[in-house]
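Observations on the model geometry
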Amino acid sequence: MESIYELRESFPVRTTAPESIAVLMAGLKAAGYIPRNEGESVSVREGSNFPVRLWGTWLPWGRRSIPVGMTITLNETTTGTEAVVHAYDRLGWYLDAKTNQVFKEESQRKMAVLIELARKILST
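Quick caveat, the model's predicted, so the values are computed rather than measured.

1. Points about the sheet that holds strand β3 (residues 41-46)
Here five strands make up an open sheet; going across it, the order is β1-β5-β4-β3-β2 and the pairing antiparallel. One side of each edge strand has no neighbouring strand; the edge strands of this open sheet are β1 (6-13) and β2 (36-37). Pairing geometry for β3 and strand β4 (residues 68-77), over six bridges, is antiparallel. When the bridges of β4 are listed, V42 appears paired with I72.

Here is the structure:
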């Protein structure tokens, strides 16, 4: 499944990659997410296609359920550790996925919130 909307960012981290992964896992769990440790990266998912398909984007339940995900990869460099964040939608196939402004705005808002959360967790 290919994403339609995605955001990418990278920023330096003060700790080593293994320490950053441990901090990120704990911080995401504390924020109510279920993170997955994938070696040098951590992934989280939010939302579900079922409520979106059931209620659509006209109702708040559908809008809040738009599915997104984020993968944070921690790379050791010569100057320290770098976090590379990739946030993406998990919409799947919708006839109007590219033209529906609500999909775009809500996906981008939710992805920005996830990226900011990762930045906040890794900067403390």
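2. Observations regarding a nonpolar patch on the surface
Nonpolar side chains collect at one region of the surface, where F50, L54, W55, W58, L59 and W61 lie side by side and expose about 770 Å² of accessible area between them. In terms of residue count, helix α2 (residues 49-55) provides more of the nonpolar patch than any other element does, three residues in total.

Conventions used here
- Residues numbered from 1 in each chain as written.
- Predicted model: local features only at pLDDT ≥ 70, side-chain atom pairs only at ≥ 80, totals over all residues.
- Heavy atoms only, no water.
- Pairing = 2+ DSSP bridges.
- Helix = DSSP H or I, 4+ residues; strand = E, 2+ residues; numbered from the N terminus.
- Patch = residues over 30% accessible without salt bridge, like charges linked within 9 Å, V, L, I, M, F, W, Y side chains within 5 Å.
- Areas by Shrake-Rupley, 256 points an atom, 1.4 Å probe, with all protein chains shown as cover.
- Salt bridge = Lys/Arg side-chain N within 4 Å of Asp/Glu carboxyl O.

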